[in-house]
Structures are given as C-alpha cells and as structure tokens.
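# Breakdown of the fold
Below, each chain spelled out in residue letters.
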Amino acid sequence: MTPGAVVRYGAVSGRTDEDYILKGNFGAMKLDKFYEELDSYFAKQEIDKVDPFLVASLAQAKEEEDYGAYIGICNEMIGFYRSVSAFEKAYVAAEDVLLLMEELQMENTEHFATTLLNAATAYRAAGDYATALRYYRQALQIYSGVLPPEDYRYAGLYNNMSILLEKTEENEEAIACARKALAIIEKLEGGEMETATTLTNLALLYFKTGEAGQAKELLERALSLFERSGENTDAHYSGALAGVAEAWYRMEDYEKALQYYEKALAEVKVHFGENMSYAILCENCAAVCEKLGSQEKQAFYLQKAKEVKEAIK
C-alpha cells in the first residue's frame, strides 16, 4: 500500500465568486452576506450548520428567481458536499446548476466552465474518473475560447486534471498539466501555499516515474515555501501535508511521513470532519506504522478508518 495519494487537492480551485455570479443582472439576494455567513461557520468550525444554511439559501434564491445567487450557492454546495463525502448531494447540485446554466444560454461562458471544473472534481473524488475527465476537458475547451492563457483559472483546472490523470496512470500527461499549473501559480501574488502544493504534487509524480533527483529538488522548494507560510493555512493545507507525507514515505523516512500524515489528519478534521479523506489518511498512517513496527498504533488507525467508512455509508 502506498500512502498519501488520497487527500490532494488542486492548488487553485475553491470558490467561483469572481463576479461571475453576474451581480446586477439577476435578482436581489445579497451574495456578499451569504458568503460572509458561510465563511463564519467554517471559521468557527460549525460544520453541522453549513448544510441547512446552504439548503435554505438555495430555496430563497429559487423563490426570488435570483439565478445568479442560485448558481453561486450550487457551486458552494458542490464543493462542500464533496469535502464531506456526500457525493450524491454533490451530483444533484452539479447537474441541477449545469442544466440551469444551459437554459440561460451560458454554456459557452467561463462561468459554465468553472462550474464544470467544480462538478468534475466532485466526480473525481467519488471515483468516477470518466465523467470527471469529460467535464475537465469540456471546461478546458471553453476556457481556451474565452480566457487569456495566463488566467489563474487555468491553474486550478490543470492541477485537478493532473491529479486525475495520475490516478488513471497517465503520468506523463499528469506531469505536463502540473507544470502548466505551476507556471501560472508562480506568477500569482501571495500564491506561496498554492505553489508549494503544486510543487509537492509534481514531486510525487516524479517519484512515481522514477526521477527521484528531480522529485527531491521540487520537494525541498515546497518545504521551504510551507515553512515561510507558517500557520497561514487554508482548507487545502491538509492535501499539501498529505503530499509531503507521501514524499517522505517514498524516501523511506517513515517517522517524518507519520508526522506529516498526522498533521494532515488534524487539518482534515478541523475543516471537513471525519470524511472519506480522513478515513484513507488513517489507512495511510497505519501503513506507515507497519513500517515502523508500531503494531498498536497500526491497529488503532485501521480501526478508526473502518469506523469512519461505516459511518459514511
């Protein structure tokens, strides 16, 4: 078992609120207030309040025929439900909003492409790689027609495509996508965490293809950026930690691998609760504990993984 390949996120994905909600063209619902309240639940770690808040907000947007708000809220739903492994709910939100956008004749806009990206990432997380790849490629085709090549939204798309292609063993294409993402992210002001995450994912790909020297060089750059960022982390930091842990595992430094996996576990629990990523990270910790000869901790993590998976079903 190779740990670590689980909780890696695209380095620049996240919210789709870059005025794409067409503020002013549609109804009166105040999206700024919506985002402020939603962010407050995450900041206070009140994850149990997020689902009912999203559902109520969507109902309000529907009642007011506020299509812009409806699109924005559905995108938040896709991301949230993916993060807590509620994949069926993510699918419903994704197909609902994509159908609405088609009815609004938005299917050739960057906004539709960004929604496709969010939907694809949910399908990828659930293991439906064929649907995910189809949506990613459709998003890329739309972006290519409406966005300049240096636009930051390409970075999120290329990063997510890279993660998917690695899972389907298309490693060379995965490396090419990760490098395209890195070229964009490195130019972003304040993008150190995103750069470090992409460097880590790229390093893991080079480990996988047997290019250990290149992998170690990239990993050293990533660790330097993480150290400079200190405690300024976000919800995607757990993926970066898991990536670093896998890199240490591949270099057979099992103590450091366990250290980073356990940090990743803590971050996932804070931001998402005990979801499927949490369970798989527990399995990764167990695999490292086996290498370290720590049978008691191995058994603990295996049991925890089993309990979390059963609770999700």
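Residues numbered from 1 in each chain as written. Predicted model: local features only at pLDDT ≥ 70, side-chain atom pairs only at ≥ 80, totals over all residues. Heavy atoms only, no water.

Turning our attention to helix H8 (residues 171-185). A rise of 1.5 Å per residue sets the reference length of H8, with its 15 residues, at 21 Å; its end C-alpha atoms lie 21 Å apart and thus fit the reference within 8%. By the burial criterion, the buried members of H8 are Asn171, Ala174, Ile175, Cys177, Ala178, Ala181, Leu182, Ile184 and Ile185. Those residues of H8 that are buried are in contact with helix H7 (153-167) and helix H9 (192-208). (Helix = DSSP H or I, 4+ residues; strand = E, 2+ residues; numbered from the N terminus. Expected span 1.5 Å × (residues − 1). Buried < 20%, exposed > 50% of the residue type's maximum accessible area, 1.4 Å probe, protein only. Contact = heavy atoms within 4.5 Å.)

Next up on the list: the packing of aromatic side chains. Here a ring pair, both rings aromatic, is described through the centre-centre distance and the interplanar angle of the planes. Scanning all chains against the criterion turns up 11 aromatic pairs. With a centroid separation of 4.5 Å and 10° between ring planes, the pair formed by Tyr91 and Tyr123 is classed as stacked. Taken as a pair, Tyr91 in helix H4 (residues 87-103) and Tyr123 in helix H5 (residues 110-125) lie far apart in primary sequence, 32 residues in all. Take Tyr91: its relative accessible area is 17%, and that puts it in the buried class. (Phe/Tyr/Trp six-rings, centres within 6.5 Å; stacked < 30°, edge-to-face > 60°.)

Turning to the nonpolar core, a few remarks are in order. Core analysis: the largest hydrophobic core is formed by 105 residues, its most contacted members being Phe34, Leu54, Tyr136, Leu202 and Phe226. Excluding its chain neighbours within four sequence positions, the residues that come into contact with Leu202 are Ile175, Ala178, Arg179, Leu182 and Leu218. (Core = buried A, V, L, I, M, F, W, Y, C linked by side-chain atoms within 4.5 Å.)

A word on H7. Helix length check: H7, at 15 residues, gives a terminal C-alpha distance of 22 Å against a target of 21 Å (1.5 Å per residue), a fit within 8%. Most of H7 is tucked away: 14 of the 15 residues are buried. After H7 finishes, the residue Glu169 shows a positive phi value of roughly 65°.

On to the packing of helix H3 (residues 67-83) against H5, then. Two numbers describe how H3 lies on H5: the axes approach to 9 Å, and their chain directions differ by 20°. Judged on the interaxial angle alone, H5 and H3 are roughly parallel. Crossing angle aside, the handedness with which H3 passes H5 is left-handed. Where H3 abuts H5, its residues Asn75, Ile78 and Arg82 lie against Thr114, Thr115, Asn118, Ala119, Thr121, Ala122 and Ala125. When the residues that make up the contact of H3 with H5 are grouped by side-chain class, the tally is four nonpolar, five polar and one charged. (Axes fitted to C-alpha atoms, helices over the stretch in contact; angles between N-to-C directions. Parallel < 35°, antiparallel > 145°, perpendicular 65-115°, else oblique. Left-handed = near helix turned anticlockwise from the far one by under 90°. Nonpolar A, V, L, I, M, F, W, Y, C, P; charged D, E, K, R; others polar.)

In the structure shown here, the tally under the stated rule is 13 salt bridges. Glu46 is paired through a salt bridge with Lys49; the nearest N and O atoms lie 3.6 Å apart. When its relative accessible area of 38% is taken as the criterion, Lys49 is described as partly exposed. Here Glu246 and Arg250 are joined by a salt bridge, their closest N and O atoms 2.9 Å apart. Linking Glu246 with Arg250, this pair stays in helix H11 (residues 237-250), spanning four residues, or about one helical turn. On the accessibility criterion, Arg250 (29% relative accessible area) is partly exposed. (Salt bridge = Lys/Arg side-chain N within 4 Å of Asp/Glu carboxyl O.)

In the contact formed by helix H10 (residues 212-229) and H11, the axes pass within 11 Å of each other and the chain directions differ by 140°. Taken together, the axis directions place H10 and H11 in an arrangement best described as oblique. Judged by the twist between their axes, the crossing of H10 over H11 is left-handed. Taken together, the residues of H11 that come into contact with H10 (itself represented by Leu219, Leu223 and Phe226) are Tyr237, Ala240, Val244, Ala247 and Trp248. Residue classes in the contact of H10 with H11 are distributed as eight nonpolar, no polar and no charged.

Turning to the side chain of Asp151, a few remarks are in order. Here Asp151 shows up in the loop between helix H6 (129-146) and H7. Here Asp151 falls in the buried class, since its relative accessible area comes to 12%. Of the polar contacts made by the side chain of Asp151, one reaches the backbone nitrogen of Arg153; its length is 2.8 Å. (Polar contact = N/O pair within 3.5 Å; in protein donor to acceptor, adjacent residues only side chain to side chain.)

Moving on, we get to the confidence of the model for the protein chain. Overall, the prediction assigns the protein chain a mean pLDDT of 86, with 88% of residues at 70 or greater. Between residues 1-29, whose pLDDT stays under 50, and residues either more than four places distant or in other chains, the model counts 102 contacts. (pLDDT = per-residue confidence, 0-100.)

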